[in-house]
Amino acid sequence: MTALRHETDADIGDATEVVDPVPGAGAPHLPQQPDLVQLLTPEGERVEHPEYPLDISDDELRGLYRDLALVRRWDVEATALQRQGELGIWASLLGQEAAQVGAGRALQDGDMAFPTYREHGVAWARGVDPLHVMSLFRGVDNGGWNPVERGFNLYTIVIGAQCLHATGYAMGVQRDGAENAVLAFLGDGATSQGEVNEAMIFAASFSAPVVFFCQNNQYAISVPLERQSKVPLYQRAAGFGFPGVRVDGNDVLAVLAVTRNALRAAREGQGPTFIEAFTYRMGAHTTSDDPTRYRLADEVEQWKLRDPIARLKAYLSRSGLADAAFFDGVEAEADQLAARIRSGTVDMPDPRPTDMFDAVYAEQTPHLAAQRAAFEAYQASFEGGEH
Ligand SMILES: Cc1ncc(C[n+]2csc(CCOP(=O)(O)OP(=O)(O)O)c2C)c(N)n1
(Lines give C-alpha, C1' and ligand atoms only; values in the text may rest on other atoms or scores of the structure.)
Protein backbone atom coordinates (compact mmCIF):
# COMPACT_ATOMS: atom_id res chain seq x y z
CA MET A 1 0.00 0.00 0.00
CA THR A 2 2.89 2.32 0.76
CA ALA A 3 4.28 1.78 -2.70
CA LEU A 4 0.89 2.35 -4.27
CA ARG A 5 0.33 5.55 -2.33
CA HIS A 6 3.74 6.79 -3.29
CA GLU A 7 3.05 6.15 -6.94
CA THR A 8 -0.37 7.73 -6.73
CA ASP A 9 0.85 10.88 -5.04
CA ALA A 10 3.70 11.23 -7.48
CA ASP A 11 1.32 10.56 -10.29
CA ILE A 12 -1.05 13.42 -9.61
CA GLY A 13 1.81 15.74 -8.79
CA ASP A 14 2.01 17.99 -5.79
CA ALA A 15 2.62 21.62 -6.53
CA THR A 16 4.25 22.16 -3.17
CA GLU A 17 6.67 19.26 -3.46
CA VAL A 18 9.87 19.39 -5.49
CA VAL A 19 10.18 16.14 -7.45
CA ASP A 20 13.34 15.25 -9.35
CA PRO A 21 12.76 15.92 -13.02
CA VAL A 22 12.63 12.94 -15.40
CA PRO A 23 15.49 13.17 -17.85
CA GLY A 24 13.98 14.70 -20.97
CA ALA A 25 10.66 15.43 -19.32
CA GLY A 26 11.47 19.10 -19.12
CA ALA A 27 9.89 20.98 -16.31
CA PRO A 28 11.03 20.48 -12.75
CA HIS A 29 8.37 19.68 -10.13
CA LEU A 30 6.66 17.30 -12.54
CA PRO A 31 5.97 13.72 -11.55
CA GLN A 32 8.13 10.80 -12.59
CA GLN A 33 6.24 8.78 -15.14
CA PRO A 34 8.12 5.75 -16.42
CA ASP A 35 5.06 4.56 -18.38
CA LEU A 36 4.47 7.83 -20.22
CA VAL A 37 4.67 7.47 -24.01
CA GLN A 38 6.55 10.41 -25.43
CA LEU A 39 7.97 11.07 -28.92
CA LEU A 40 8.78 14.75 -28.47
CA THR A 41 10.26 16.08 -25.26
CA PRO A 42 9.14 19.44 -23.86
CA GLU A 43 12.37 20.86 -25.28
CA GLY A 44 11.34 19.72 -28.75
CA GLU A 45 13.72 16.79 -29.05
CA ARG A 46 12.46 13.85 -31.09
CA VAL A 47 12.76 10.56 -29.19
CA GLU A 48 11.81 7.07 -30.31
CA HIS A 49 9.54 4.65 -28.53
CA PRO A 50 9.89 0.96 -29.43
CA GLU A 51 6.13 0.33 -29.50
CA TYR A 52 5.14 3.50 -31.29
CA PRO A 53 7.17 4.18 -34.40
CA LEU A 54 5.58 7.11 -36.22
CA ASP A 55 5.33 7.20 -39.97
CA ILE A 56 4.80 10.86 -40.81
CA SER A 57 5.79 13.14 -43.67
CA ASP A 58 7.31 16.60 -43.31
CA ASP A 59 4.12 18.11 -44.71
CA GLU A 60 2.05 16.30 -42.10
CA LEU A 61 4.35 17.58 -39.36
CA ARG A 62 3.90 21.15 -40.55
CA GLY A 63 0.16 20.49 -40.86
CA LEU A 64 0.01 19.46 -37.22
CA TYR A 65 1.70 22.70 -36.20
CA ARG A 66 -0.79 24.67 -38.27
CA ASP A 67 -3.69 22.79 -36.62
CA LEU A 68 -2.37 23.48 -33.13
CA ALA A 69 -1.75 27.17 -33.78
CA LEU A 70 -5.12 27.79 -35.47
CA VAL A 71 -7.08 25.90 -32.85
CA ARG A 72 -5.41 27.89 -30.09
CA ARG A 73 -6.18 31.12 -31.87
CA TRP A 74 -9.81 30.11 -32.24
CA ASP A 75 -9.93 29.33 -28.52
CA VAL A 76 -8.37 32.64 -27.47
CA GLU A 77 -10.78 34.54 -29.73
CA ALA A 78 -13.75 32.63 -28.33
CA THR A 79 -12.72 33.42 -24.75
CA ALA A 80 -12.44 37.10 -25.67
CA LEU A 81 -15.84 37.03 -27.36
CA GLN A 82 -17.41 35.52 -24.25
CA ARG A 83 -15.83 38.21 -22.09
CA GLN A 84 -17.35 40.82 -24.40
CA GLY A 85 -20.81 39.32 -23.97
CA GLU A 86 -20.98 37.68 -27.40
CA LEU A 87 -21.09 34.06 -26.15
CA GLY A 88 -23.10 32.66 -23.26
CA ILE A 89 -20.17 30.55 -22.09
CA TRP A 90 -16.96 29.05 -23.48
CA ALA A 91 -15.14 25.86 -22.47
CA SER A 92 -11.51 26.54 -23.27
CA LEU A 93 -9.14 23.89 -24.64
CA LEU A 94 -6.03 25.94 -23.80
CA GLY A 95 -3.16 23.53 -23.09
CA GLN A 96 -5.03 20.54 -24.51
CA GLU A 97 -4.46 21.32 -28.19
CA ALA A 98 -2.00 18.48 -28.81
CA ALA A 99 -4.21 15.87 -27.14
CA GLN A 100 -7.14 16.89 -29.29
CA VAL A 101 -5.39 17.47 -32.61
CA GLY A 102 -3.33 14.27 -32.24
CA ALA A 103 -6.45 12.22 -31.50
CA GLY A 104 -8.52 13.95 -34.18
CA ARG A 105 -5.90 13.45 -36.88
CA ALA A 106 -5.60 9.76 -35.99
CA LEU A 107 -9.18 9.20 -37.15
CA GLN A 108 -9.85 7.95 -40.66
CA ASP A 109 -12.79 8.49 -43.00
CA GLY A 110 -15.67 6.37 -41.76
CA ASP A 111 -14.57 6.54 -38.13
CA MET A 112 -16.87 8.28 -35.67
CA ALA A 113 -15.93 10.51 -32.73
CA PHE A 114 -18.11 11.31 -29.72
CA PRO A 115 -16.96 14.55 -28.05
CA THR A 116 -17.71 16.27 -24.76
CA TYR A 117 -18.11 20.06 -24.78
CA ARG A 118 -14.37 20.84 -24.99
CA GLU A 119 -13.23 19.03 -28.13
CA HIS A 120 -12.87 22.03 -30.43
CA GLY A 121 -9.52 20.68 -31.65
CA VAL A 122 -11.15 17.43 -32.71
CA ALA A 123 -14.00 19.35 -34.35
CA TRP A 124 -11.35 21.24 -36.31
CA ALA A 125 -9.60 18.03 -37.36
CA ARG A 126 -12.96 16.62 -38.54
CA GLY A 127 -13.57 19.67 -40.72
CA VAL A 128 -16.39 21.17 -38.63
CA ASP A 129 -16.68 24.90 -39.29
CA PRO A 130 -15.72 26.74 -36.06
CA LEU A 131 -18.76 28.96 -36.56
CA HIS A 132 -21.03 25.96 -35.98
CA VAL A 133 -19.37 25.44 -32.61
CA MET A 134 -19.59 29.17 -31.88
CA SER A 135 -23.32 29.20 -32.65
CA LEU A 136 -23.84 26.55 -29.99
CA PHE A 137 -21.99 28.58 -27.34
CA ARG A 138 -23.82 31.74 -28.45
CA GLY A 139 -27.05 29.87 -27.89
CA VAL A 140 -28.48 30.49 -31.35
CA ASP A 141 -28.69 26.87 -32.49
CA ASN A 142 -27.91 23.31 -31.48
CA GLY A 143 -24.58 23.02 -33.25
CA GLY A 144 -25.58 22.74 -36.84
CA TRP A 145 -23.04 20.34 -38.28
CA ASN A 146 -24.09 16.99 -39.66
CA PRO A 147 -22.58 14.32 -37.35
CA VAL A 148 -22.72 11.57 -39.98
CA GLU A 149 -21.12 13.70 -42.68
CA ARG A 150 -18.32 14.86 -40.40
CA GLY A 151 -17.88 11.64 -38.41
CA PHE A 152 -18.22 13.83 -35.34
CA ASN A 153 -21.22 13.66 -33.06
CA LEU A 154 -22.79 16.74 -31.48
CA TYR A 155 -21.28 18.03 -28.24
CA THR A 156 -22.46 16.23 -25.10
CA ILE A 157 -22.67 18.17 -21.86
CA VAL A 158 -24.00 15.31 -19.72
CA ILE A 159 -20.75 14.02 -18.26
CA GLY A 160 -19.81 10.57 -19.56
CA ALA A 161 -23.05 9.94 -21.50
CA GLN A 162 -21.18 10.01 -24.80
CA CYS A 163 -19.23 6.90 -23.74
CA LEU A 164 -22.47 4.92 -23.81
CA HIS A 165 -23.44 6.47 -27.15
CA ALA A 166 -20.02 5.63 -28.56
CA THR A 167 -20.08 2.06 -27.30
CA GLY A 168 -23.58 1.48 -28.66
CA TYR A 169 -22.52 2.98 -31.98
CA ALA A 170 -19.41 0.78 -32.02
CA MET A 171 -21.52 -2.31 -31.38
CA GLY A 172 -23.61 -1.25 -34.36
CA VAL A 173 -20.49 -0.87 -36.50
CA GLN A 174 -19.49 -4.36 -35.42
CA ARG A 175 -22.88 -5.80 -36.36
CA ASP A 176 -22.74 -4.08 -39.74
CA GLY A 177 -19.42 -5.81 -40.33
CA ALA A 178 -17.83 -2.42 -41.07
CA GLU A 179 -14.12 -1.81 -40.56
CA ASN A 180 -14.45 1.48 -38.76
CA ALA A 181 -13.46 2.58 -35.29
CA VAL A 182 -15.14 4.83 -32.76
CA LEU A 183 -13.38 7.33 -30.51
CA ALA A 184 -15.07 8.37 -27.27
CA PHE A 185 -13.76 11.46 -25.48
CA LEU A 186 -13.98 11.92 -21.74
CA GLY A 187 -12.34 13.82 -18.93
CA ASP A 188 -10.62 12.55 -15.80
CA GLY A 189 -13.66 13.47 -13.71
CA ALA A 190 -15.94 11.50 -16.02
CA THR A 191 -14.12 8.29 -15.09
CA SER A 192 -16.03 8.42 -11.79
CA GLN A 193 -19.35 8.45 -13.60
CA GLY A 194 -21.38 5.23 -13.60
CA GLU A 195 -22.22 5.47 -17.29
CA VAL A 196 -18.54 5.50 -18.25
CA ASN A 197 -17.94 2.30 -16.30
CA GLU A 198 -21.04 0.70 -17.82
CA ALA A 199 -19.83 1.65 -21.27
CA MET A 200 -16.42 0.10 -20.64
CA ILE A 201 -17.94 -3.14 -19.40
CA PHE A 202 -20.10 -3.42 -22.52
CA ALA A 203 -17.23 -2.43 -24.77
CA ALA A 204 -14.97 -5.07 -23.19
CA SER A 205 -17.57 -7.83 -23.11
CA PHE A 206 -18.44 -7.39 -26.78
CA SER A 207 -14.94 -6.42 -27.97
CA ALA A 208 -16.54 -3.35 -29.47
CA PRO A 209 -14.36 -1.26 -31.81
CA VAL A 210 -14.24 1.74 -29.48
CA VAL A 211 -11.30 3.64 -28.03
CA PHE A 212 -11.80 5.64 -24.84
CA PHE A 213 -9.70 8.79 -25.03
CA CYS A 214 -9.44 10.38 -21.61
CA GLN A 215 -7.88 13.82 -21.39
CA ASN A 216 -6.56 13.87 -17.88
CA ASN A 217 -6.32 17.64 -17.50
CA GLN A 218 -5.90 17.15 -13.73
CA TYR A 219 -9.19 18.76 -12.65
CA ALA A 220 -12.92 18.20 -12.86
CA ILE A 221 -13.88 21.83 -12.37
CA SER A 222 -12.32 22.33 -8.89
CA VAL A 223 -11.90 18.64 -7.99
CA PRO A 224 -8.31 17.43 -8.46
CA LEU A 225 -7.51 14.00 -9.83
CA GLU A 226 -6.47 12.71 -6.40
CA ARG A 227 -10.15 12.87 -5.39
CA GLN A 228 -11.18 10.80 -8.43
CA SER A 229 -8.73 7.93 -8.42
CA LYS A 230 -6.27 6.21 -6.16
CA VAL A 231 -4.50 4.63 -9.12
CA PRO A 232 -3.24 6.20 -12.34
CA LEU A 233 -6.25 6.31 -14.64
CA TYR A 234 -4.74 4.23 -17.44
CA GLN A 235 -4.33 1.32 -14.98
CA ARG A 236 -8.08 1.15 -14.53
CA ALA A 237 -8.39 -0.40 -18.00
CA ALA A 238 -6.88 -3.65 -16.72
CA GLY A 239 -9.88 -4.09 -14.44
CA PHE A 240 -12.18 -4.00 -17.44
CA GLY A 241 -9.98 -6.35 -19.42
CA PHE A 242 -8.48 -4.17 -22.11
CA PRO A 243 -5.20 -2.29 -22.55
CA GLY A 244 -4.59 1.09 -20.97
CA VAL A 245 -1.90 3.47 -22.22
CA ARG A 246 -0.67 6.73 -20.77
CA VAL A 247 0.58 9.20 -23.33
CA ASP A 248 2.08 12.64 -22.95
CA GLY A 249 -1.00 14.65 -23.90
CA ASN A 250 1.12 17.70 -24.71
CA ASP A 251 3.07 15.76 -27.33
CA VAL A 252 1.04 15.74 -30.52
CA LEU A 253 3.25 13.10 -32.16
CA ALA A 254 2.90 10.63 -29.30
CA VAL A 255 -0.84 11.19 -29.12
CA LEU A 256 -1.15 10.63 -32.86
CA ALA A 257 0.90 7.42 -32.74
CA VAL A 258 -0.85 5.96 -29.69
CA THR A 259 -4.35 6.81 -30.93
CA ARG A 260 -3.64 5.48 -34.44
CA ASN A 261 -2.49 2.19 -32.90
CA ALA A 262 -5.55 1.87 -30.71
CA LEU A 263 -7.94 2.72 -33.55
CA ARG A 264 -6.19 0.22 -35.83
CA ALA A 265 -6.54 -2.49 -33.16
CA ALA A 266 -10.24 -1.64 -32.81
CA ARG A 267 -10.75 -1.85 -36.59
CA GLU A 268 -8.97 -5.21 -36.66
CA GLY A 269 -11.38 -6.64 -34.08
CA GLN A 270 -9.07 -6.49 -31.07
CA GLY A 271 -11.57 -4.51 -29.00
CA PRO A 272 -11.22 -1.37 -26.90
CA THR A 273 -8.25 0.55 -25.55
CA PHE A 274 -8.23 3.20 -22.85
CA ILE A 275 -5.88 6.09 -23.57
CA GLU A 276 -5.01 8.51 -20.81
CA ALA A 277 -3.63 11.68 -22.35
CA PHE A 278 -1.74 13.31 -19.48
CA THR A 279 -2.19 17.03 -19.90
CA TYR A 280 -3.27 20.18 -18.13
CA ARG A 281 -6.13 22.61 -18.47
CA MET A 282 -4.27 25.93 -18.66
CA GLY A 283 -7.38 28.06 -18.43
CA ALA A 284 -10.56 27.99 -16.41
CA HIS A 285 -12.98 25.06 -16.54
CA THR A 286 -15.30 27.38 -18.43
CA THR A 287 -15.63 31.14 -18.50
CA SER A 288 -17.93 30.79 -15.45
CA ASP A 289 -15.08 29.48 -13.31
CA ASP A 290 -12.20 31.09 -11.39
CA PRO A 291 -9.38 28.52 -11.13
CA THR A 292 -7.30 30.73 -8.81
CA ARG A 293 -9.72 29.62 -6.06
CA TYR A 294 -8.50 26.03 -6.12
CA ARG A 295 -5.05 25.73 -7.70
CA LEU A 296 -1.68 27.33 -7.22
CA ALA A 297 -0.11 29.67 -9.73
CA ASP A 298 3.14 27.75 -9.35
CA GLU A 299 1.51 24.63 -10.78
CA VAL A 300 0.29 26.55 -13.82
CA GLU A 301 3.77 28.00 -14.31
CA GLN A 302 5.27 24.50 -14.29
CA TRP A 303 2.89 23.34 -16.99
CA LYS A 304 3.69 26.34 -19.18
CA LEU A 305 7.10 24.73 -19.63
CA ARG A 306 5.39 21.76 -21.28
CA ASP A 307 3.48 23.83 -23.81
CA PRO A 308 2.39 21.61 -26.71
CA ILE A 309 2.85 24.21 -29.44
CA ALA A 310 6.23 25.53 -28.32
CA ARG A 311 7.75 22.05 -28.37
CA LEU A 312 6.61 21.27 -31.91
CA LYS A 313 7.80 24.69 -33.04
CA ALA A 314 11.20 24.04 -31.45
CA TYR A 315 11.43 20.67 -33.21
CA LEU A 316 10.40 22.03 -36.62
CA SER A 317 12.81 24.96 -36.37
CA ARG A 318 15.74 22.98 -35.08
CA SER A 319 15.38 20.22 -37.63
CA GLY A 320 15.04 22.71 -40.48
CA LEU A 321 11.54 21.49 -41.38
CA ALA A 322 10.07 24.97 -41.05
CA ASP A 323 11.47 28.47 -41.27
CA ALA A 324 10.37 31.92 -40.14
CA ALA A 325 8.32 32.40 -43.33
CA PHE A 326 6.30 29.28 -42.52
CA PHE A 327 5.57 30.41 -38.95
CA ASP A 328 4.68 33.92 -40.18
CA GLY A 329 2.31 32.38 -42.71
CA VAL A 330 0.53 30.37 -40.01
CA GLU A 331 0.31 33.51 -37.88
CA ALA A 332 -1.30 35.43 -40.73
CA GLU A 333 -3.73 32.58 -41.30
CA ALA A 334 -4.58 32.60 -37.59
CA ASP A 335 -5.31 36.35 -37.80
CA GLN A 336 -7.70 35.73 -40.68
CA LEU A 337 -9.38 32.86 -38.88
CA ALA A 338 -9.86 34.95 -35.73
CA ALA A 339 -11.36 37.79 -37.77
CA ARG A 340 -13.75 35.38 -39.53
CA ILE A 341 -14.78 33.83 -36.22
CA ARG A 342 -15.36 37.25 -34.66
CA SER A 343 -17.43 38.76 -37.45
CA GLY A 344 -19.24 35.47 -38.12
CA THR A 345 -20.21 35.20 -34.47
CA VAL A 346 -21.41 38.75 -33.87
CA ASP A 347 -23.37 38.71 -37.14
CA MET A 348 -25.28 35.51 -36.32
CA PRO A 349 -29.00 36.14 -36.52
CA ASP A 350 -31.01 35.48 -33.38
CA PRO A 351 -33.31 32.49 -33.72
CA ARG A 352 -37.07 32.91 -33.54
CA PRO A 353 -38.35 31.68 -30.16
CA THR A 354 -40.49 29.05 -31.93
CA ASP A 355 -37.37 27.53 -33.57
CA MET A 356 -36.87 25.52 -30.38
CA PHE A 357 -39.75 23.29 -31.42
CA ASP A 358 -38.16 22.37 -34.76
CA ALA A 359 -35.27 20.20 -33.64
CA VAL A 360 -36.99 18.08 -30.98
CA TYR A 361 -38.12 15.28 -33.32
CA ALA A 362 -37.50 14.56 -36.99
CA GLU A 363 -41.26 14.79 -37.46
CA GLN A 364 -43.54 16.95 -35.35
CA THR A 365 -45.83 15.06 -32.97
CA PRO A 366 -49.40 16.25 -32.23
CA HIS A 367 -48.36 16.96 -28.66
CA LEU A 368 -45.47 19.16 -29.75
CA ALA A 369 -47.62 20.90 -32.38
CA ALA A 370 -50.10 21.76 -29.61
CA GLN A 371 -47.32 23.14 -27.41
CA ARG A 372 -46.08 25.21 -30.31
CA ALA A 373 -49.52 26.61 -31.02
CA ALA A 374 -49.99 27.50 -27.34
CA PHE A 375 -46.62 29.23 -27.27
CA GLU A 376 -47.42 31.18 -30.44
CA ALA A 377 -50.74 32.30 -28.95
CA TYR A 378 -48.92 33.38 -25.80
CA GLN A 379 -46.43 35.43 -27.78
CA ALA A 380 -49.20 37.00 -29.83
CA SER A 381 -50.93 38.09 -26.61
CA PHE A 382 -48.24 40.76 -26.17
CA GLU A 383 -48.59 43.99 -28.06
CA GLY A 384 -46.27 43.72 -31.09
CA GLY A 385 -45.63 40.09 -30.09
CA GLU A 386 -43.77 37.84 -32.50
CA HIS A 387 -45.74 35.23 -34.44
C1 LIG B 1 -24.08 14.08 -15.36
C2 LIG B 1 -23.45 15.42 -15.07
N3 LIG B 1 -23.10 15.71 -13.81
C4 LIG B 1 -22.51 16.91 -13.55
C5 LIG B 1 -22.31 17.83 -14.54
C6 LIG B 1 -21.65 19.16 -14.22
N7 LIG B 1 -20.28 19.18 -14.74
C8 LIG B 1 -19.98 19.81 -15.87
S9 LIG B 1 -18.36 19.68 -16.27
C10 LIG B 1 -18.04 18.75 -14.92
C11 LIG B 1 -16.64 18.26 -14.63
C12 LIG B 1 -16.12 17.36 -15.69
O13 LIG B 1 -14.76 17.11 -15.48
P14 LIG B 1 -13.90 16.20 -16.44
O15 LIG B 1 -14.65 14.96 -16.78
O16 LIG B 1 -12.57 16.03 -15.81
O17 LIG B 1 -13.78 17.03 -17.80
P18 LIG B 1 -13.15 18.48 -18.08
O19 LIG B 1 -14.27 19.47 -17.91
O20 LIG B 1 -12.03 18.71 -17.14
O21 LIG B 1 -12.71 18.47 -19.50
C22 LIG B 1 -19.19 18.57 -14.15
C23 LIG B 1 -19.26 17.81 -12.90
C24 LIG B 1 -22.72 17.48 -15.85
N25 LIG B 1 -22.52 18.29 -16.88
N26 LIG B 1 -23.26 16.26 -16.09
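Here the structure is a predicted model, which is why all the values come from computation and not from measurement.

Enquirer: So what exactly am I meant to see when it comes to the overall build of the protein here?
Expert: Within the protein, the regular secondary structure consists of 14 helices and 7 strands. Dimensions along the principal axes, computed over C-alpha positions, put the protein at roughly 70 × 50 × 40 Å. Within the protein, residue pairs in contact and separated by at least 24 positions form 72% of the contacts whose partners lie at least 6 positions apart.

Enquirer: Teacher, can you tell me more about the site of the ligand here?
Expert: Neighbouring the ligand are 14 residues, the closest being I159, G187, G189, A190 and A220. Taken together, the residues of the shell around the ligand sort by class into 7 nonpolar, 4 polar and 3 charged.

Enquirer: Whenever I open this one, the packing of helix α2 (residues 58-83) against helix α13 (residues 324-346) confuses me. Can you help?
Expert: To describe two helices that pack against each other, one gives the angle between their axes and the distance between the axes. Interhelical geometry of α2 versus α13 gives an angle of 35° and a closest axis separation of 9 Å. Judged by the sense of rotation from one axis to the other, the crossing of α2 with α13 is right-handed. On the side of α2, the interface is formed by R62, Y65, R66, A69, L70, R73, W74, E77 and L81, while α13 contributes F326, V330, E333, A334, L337, A338, I341, R342 and T345. In terms of residue class, the contact of α2 with α13 is made up of 11 nonpolar, 1 polar and 6 charged.

Enquirer: Can you walk me through the domain arrangement of the protein in this structure?
Expert: Taken as a whole, the protein is organised into domain 1 (2-346) and domain 2 (355-387). The C-alpha centroid of domain 2 is placed 40 Å from the C-alpha centroid of domain 1.

Enquirer: Whenever I open this one, helix α7 (residues 161-176) confuses me. Can you help?
Expert: Side chains of residues three or four places apart in an α-helix project in the same direction, reflecting 3.6 residues per turn. Under the 1.5 Å per step criterion, the end-to-end length of α7 is 23 Å for 16 residues, consistent within 8% with the ideal 22 Å. When α7 is considered as a whole, its buried residues turn out to be Q162, C163, L164, A166, T167, Y169, A170 and V173. Here the buried face of α7 lies against β1 (112-114), β2 (182-187), α8 (194-205) and β3 (210-216). Of the residues flanking the end of α7, it is G177, one or two places downstream, whose phi is positive at about 70°.

Enquirer: I keep staring at the pairing of strand β6 (residues 244-248) and nothing clicks. Help me out?
Expert: On any regular strand, side chains alternate: one points to one face of the sheet, the next to the other face. Taken across its 5 residues, β6 has 5 buried, putting it largely inside the fold. With burial as the criterion, each face of β6 is covered, one bearing G244, R246 and D248 and the other bearing V245 and V247.

Enquirer: What exactly am I supposed to notice about the sheet that holds β1 here?
Expert: A sheet is described by the order of its strands in space; here 5 strands give the open sequence β1-β2-β3-β7-β6, paired in parallel fashion. The open sheet is flanked by β1 and β6, the only strands paired with a single partner. Adjacent strand axes in the sheet meet at a mean angle of 20° when their direction is disregarded. Two elements, β3 and strand β7 (residues 273-278), share 6 bridges in a ladder whose sense is parallel. Bridge pairing in β7 links V211 to T273. Against the sheet, α7 engages β1, β2 and β3, with an angle of about 170° to β2.

Enquirer: Just to check I follow, could you spell out the environment of V196 for this structure?
Expert: Mapping V196 onto the fold places it in helix α8. The sequence separation of V196 and R260 amounts to 64 residues, and the corresponding C-alpha distance is 22 Å. Among residues more than four places away in sequence, those in contact with V196 are G160, C163, L186, A190 and T191.

Enquirer: I'm lost on the nonpolar core in this one. Help?
Expert: A general trend in soluble globular proteins is that nonpolar side chains are found buried together. Counting residues in hydrophobic clusters, the biggest one holds 87 residues, and the most contacted among them are L183, A184, F212 and I275. With 10 residues, helix α10 (residues 252-267) is the largest single contributor of residues to this core. With residues up to four places along the chain from it excluded, the contact list for I275 reads V211, F212, F213, C214, V245, V247, V258, T259 and A262.

Enquirer: Which parts of the structure should I look at to understand the pairing of β2?
Expert: For β2, the tally of buried residues reaches 6 of 6 residues, placing the bulk of the element in the interior. The alternating pattern of β2 places V182, A184 and L186 and L183, F185 and G187 on opposite faces, both of which are buried. Both β1 and β2 contribute to a ladder of 3 bridges, which runs parallel. What sits directly across from F114, in β2, is A184. Judged from the 6 bridges that link them, β2 and β3 form a sheet pairing that is parallel. For F185, the partnering residue across the bridge sits in β3 and is F213. The β-α-β motif built from β2, the intervening α8 and the parallel element β3 has right-handed crossover chirality.

Enquirer: Quick question: what am I supposed to make of helix α12 (residues 308-318) here?
Expert: Those residues of α12 lying buried are P308, R311, L312, Y315 and L316. Down the axis, α12 shows its buried residues gathered within 130° of arc, on one side only. Along its buried surface, α12 packs onto α2, α3 (97-106) and α10. Note on α12: the residue one or two positions beyond its end, G320, has a positive phi of about 75°.

Enquirer: Is there a simple way to think about unusual backbone geometry in this case?
Expert: It is generally the case that most residues other than glycine have a negative phi and that most peptide bonds are trans. If you check the backbone angles, S207 has positive phi at about 45° while not being a glycine. Mapping S207 onto the fold places it in the loop between α8 and β3. On the neighbour-count criterion, S207 (17 C-beta atoms within 10 Å) is partly exposed. Despite not being glycine, I221 has its phi angle at roughly 50°, a positive value. When you line up the elements, I221 lands in the loop between β4 (219-220) and β5 (223-224). Judged by the 14 C-beta atoms lying within 10 Å of it, I221 falls in the partly exposed class.

Criteria and cut-off values
- Residues numbered from 1 in each chain as written.
- Predicted model: local features only at pLDDT ≥ 70, side-chain atom pairs only at ≥ 80, totals over all residues.
- Helix = DSSP H or I, 4+ residues; strand = E, 2+ residues; numbered from the N terminus.
- Contact = placed C-beta atoms within 7 Å.
- Near = placed C-beta within 6 Å.
- Nonpolar A, V, L, I, M, F, W, Y, C, P; charged D, E, K, R; others polar.
- Axes fitted to C-alpha atoms, helices over the stretch in contact; angles between N-to-C directions.
- Left-handed = near helix turned anticlockwise from the far one by under 90°.
- Domains from an automatic or database assignment.
- Expected span 1.5 Å × (residues − 1).
- Buried ≥ 20, exposed ≤ 12 C-beta atoms within 10 Å, placed from the backbone.
- Pairing = 2+ DSSP bridges.
- Core = buried A, V, L, I, M, F, W, Y, C linked by C-beta atoms within 7 Å.
- Right-handed = clockwise from strand over helix to strand, strands pointing away.
- Arc of directions from axis to C-beta.

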